[in-house]
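Listed below, chain by chain, are the residues.
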Amino acid sequence: MKVTKSLQEVWDWKEKVYEETKGLSVEEAARKIQKDADEICKKYGLKLRVLHPSGR
């Protein structure tokens, strides 16, 4: 099976995220992912609507 460069990049990204979060509880992983997303939004000036119960 031939794997495209873009698909390989997605797999590599997923593996990296897994390695960074595998020892965390679900709550800790969610907080880390939210923090990372907040930093990306701040870095790029994104104003995204948040759709989760905490209202953040």
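Numbers given to residues run from 1 along each chain, matching the order in which its sequence is written. A pLDDT threshold of at least 70 governs which residues receive local features in this predicted model, and a stricter bar of 80 or more applies before side-chain atom pairs are shown or counted, although totals over entire chains, interfaces and linings include all residues. To obtain the side-chain values, all non-hydrogen atoms of the structure were used and water was disregarded.

Q: Explain the overall build of the chain to me, please; I cannot follow it from the model alone.
A: By the criteria applied, helices consist of DSSP H or I runs no shorter than four residues and strands consist of E runs no shorter than two, each listed in order from the N terminus. Secondary structure assignment for the chain yields two helices and zero strands. Our radius of gyration looks at C-alpha atoms and nothing else; its globule reference is 2.2 Å times the residue count to the power 0.38. Relative to a compact globule of 56 residues, whose C-alpha radius of gyration would be 10 Å, the chain shows 14 Å and is clearly more extended. When the backbone C-alpha atoms are referred to their principal axes, the chain occupies close to 45 × 30 × 20 Å. With a 1.4 Å probe rolled over the protein chains alone, any residue whose accessible area is under 20% of its type maximum counts as buried; one over 50% counts as exposed, and the rest are partly exposed. Buried positions account for 5% of the 56 residues belonging to the chain. Computed over 13 positive and 10 negative side-chain charges, the separation of the two mean positions in the chain equals 6 Å. For the purpose of charge, His is not counted, nor are the chain termini; Lys and Arg are scored as positive and Asp and Glu as negative. Lysine's charge is taken at NZ, arginine's at CZ, aspartate's at CG and glutamate's at CD.

Q: How should I be thinking about the environment of threonine 21 in this particular structure?
A: Its place among the elements puts threonine 21 in helix α1 (residues 5-21). Considering only alpha carbons, one finds threonine 21 and isoleucine 33, twelve residues apart in sequence, at a separation of 8.9 Å. A distance of 2.9 Å separates a polar atom in the side chain of threonine 21 from the backbone oxygen of valine 17. Throughout this description, a polar contact denotes any pair of N or O atoms lying within 3.5 Å of each other; where both atoms belong to protein, one of them has to be capable of donating a hydrogen while the other can accept it, and for residues adjacent in sequence the pair is counted only when both atoms sit in side chains.

Q: What exactly am I supposed to notice about a nonpolar patch on the surface here?
A: Patch definition: residues with relative accessible area over 30% and no salt bridge; like charges joined within 9 Å; nonpolar side chains (Val, Leu, Ile, Met, Phe, Trp, Tyr) joined within 5 Å. Every accessible area reported is derived by Shrake-Rupley at a probe size of 1.4 Å, with residue values counting cover from the shown protein chains alone. Throughout this description, the term salt bridge denotes a Lys or Arg side-chain nitrogen within 4 Å of a carboxyl oxygen of Asp or Glu. Together, Met1, Val3, Leu7, Val10, Trp11 and Trp13 line one region of the surface with nonpolar side chains, adding up to about 640 Å² of accessible area. Relative to the helices and strands, tryptophan 11 is located in helix α1. Tryptophan 11 sits in the partly exposed class, given a relative accessible area of 37%.

The values reported here are purely geometric and, on their own, carry no functional implication.
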